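Spelled out, the chains give:
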Amino acid sequence: MDFLDRLAEPGLDLLERVDTLLATGAPEGHRVWPLLRRMQVLPGDALRGFLDLRPGPLATAGHAVRRHVHGYDHACAALTDPVLWSGSAATAYGQSRATLLRHLDEGPESLVGRLEATAGYADALADWVEGSRLAAARALAEAIGSAEAVAVVAATSAGRATAQTGRSAVGAVAAAEIGARVLAVLCVAYDGVETLLRQWSPSLAESPWRPGGARFRPDTGGGPPGGRTTRVGW
């Protein structure tokens, strides 16, 4: 349980009241309007969805992906064992082996490179979630302890009939202020994750197989590797 979890219950209660007031309108020209248009959701609903984001599963996924790298290390080690035979078949095998080694583990576009990038992306997302939850918690703590919160609670405690007919100007302004604070923090958070996606997307692309070298075709000589020179198809 982190700081945001501890503030979730009182924070959601306050933001539900804020949503009730904002549903009837906000002061004209208030900074909450562009935030509402961009997020397309009221502050309480925005926070409720954000509470489900956890860094733990993403960090675990990063560790799990890195464990697969060891399997590729073993495969590469097997492919680098010396070949005790010669001829065109051995040459063809050597070229195919070199191509496969490059595909497995040579540079950022190799399979290992993509695995490491995927793990790094998961780690970056975990860091983003952790930092964003802390920022949201701070904004929520500020909102709960503010004078605007007192005005919002007062404006939403007068009964159901009042809630349906409108609120005082003080309550509306207070709700808009709290809503703007919370939505602004969440907008920054979502800007951050969009930046992460743009930064990591090139490293997360598919690793294409690029066969290299000339293709050997069988001749009529036949014979086992290490004996007569034999051409084989690859």
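Numbers given for residues are sequential positions, taken from 1 along each chain in its written order. Per-residue local features of the predicted model are confined to residues with pLDDT of at least 70, and side-chain atom pairs are confined, for both listing and counting, to 80 or more; whole-chain, interface and lining totals are unaffected and use all residues. With hydrogens and water stripped out, all remaining heavy atoms of the structure feed into the side-chain values.

1. Here's the deal with the nonpolar core
Stated formally: Side-chain atoms within 4.5 Å link the members of a nonpolar core, which is a set of buried Ala, Val, Leu, Ile, Met, Phe, Trp, Tyr and Cys residues. Accessibility here uses a 1.4 Å probe with only protein chains present; expressed as a share of the type maximum, an area under 20% marks a residue as buried, one over 50% as exposed, and anything in between as partly exposed. The numbering of helices and of strands both runs from the N terminus, where a helix is a DSSP run of H or I of at least 4 residues and a strand a run of E of at least 2.
L4, V152 and I178 are the most contacted members of the largest nonpolar core, which totals 43 residues. Looking at this core, the elements with two or more residues in it are helix 1 (3–22), helix 2 (32–39), helix 3 (43–50), helix 6 (111–144), helix 7 (147–155) and helix 9 (169–200). If you look at the next biggest cluster of nonpolar residues, it comprises five residues, including V65, V69, L115 and A119.

2. A short note on a negative patch on the surface
Spelled out, the test is: Like-charged residues within 9 Å of one another, or nonpolar side chains (Val, Leu, Ile, Met, Phe, Trp, Tyr) within 5 Å, are grouped into patches, provided each residue has over 30% relative accessible area and no salt bridge. The method behind every accessible area is Shrake-Rupley, applied with a 1.4 Å probe, and residues are considered shielded solely by the protein chains displayed. We define a salt bridge as a contact between a side-chain nitrogen of Lys or Arg and a carboxyl oxygen of Asp or Glu at a distance within 4 Å. Here Asp and Glu are counted as negative and Lys and Arg as positive; His is not counted, and neither are the chain ends. To locate a charge, the coordinates of NZ of Lys, CZ of Arg, CG of Asp or CD of Glu are taken.
A cluster of acidic side chains, namely D73, D105, E106 and E116, defines a negative patch on the protein surface. Mapped onto the elements of the fold, E116 is located in helix 6. With a relative accessible area of 44%, E116 lands in the partly exposed category.

3. Thoughts on the pattern of salt bridges
The final tally for this structure, using the stated rule, is ten salt bridges. We note a salt bridge from R17 to D13, for which the minimum N-O separation is 3.4 Å. With R17 and D13 both in helix 1 and four residues apart, this pair spans about one turn of that helix. D13 sits in the partly exposed class, given a relative accessible area of 39%. In this structure, the salt-bridge partner of E148 is R181, at a minimum N-O distance of 3.3 Å. One end of the pair, E148, is in helix 7; the other, R181, is in helix 9, and 33 residues separate them in sequence. A single network of salt bridges, built from pairs that share partners, joins D2, D5, R54 and R133.

4. Some points on the packing of aromatic side chains
The test is simple: Two rings from Phe, Tyr or Trp (for Trp, the six-membered ring) form a pair when their centres sit within 6.5 Å of each other. Planes less than 30 degrees apart are called stacked, planes more than 60 degrees apart edge-to-face, and all others tilted.
In total, this model carries four aromatic pairs according to the counting rule given. With 6.4 Å between their ring centres and 80 degrees between their planes, F50 and W128 make a pair best called edge-to-face. Of the two residues, F50 is situated in helix 3 and W128 in helix 6; the sequence distance between them amounts to 78 residues. Each member of the pair, F50 as well as W128, carries the same accessibility label: buried. An angle of 45 degrees between the planes, with centres 6.1 Å apart, marks the rings of Y121 and W200 as tilted.

5. A word on helix 4 (residues 55–79)
Using the following cut-off: Here, expected helix span is obtained from the residue count minus one, scaled by 1.5 Å. Whether two residues are in contact is decided by their heavy atoms: any pair within 4.5 Å suffices.
With 25 residues, helix 4 extends 38 Å from end C-alpha to end C-alpha; this agrees with the ideal 36 Å at 1.5 Å per step. Buried residues of helix 4: G62, V65, V69, C76 and L79, and no others. Looking at the buried positions of helix 4, the neighbouring elements they touch are helix 5 (88–105) and helix 6.

Don't take any of this as a statement about function, it's just geometry.
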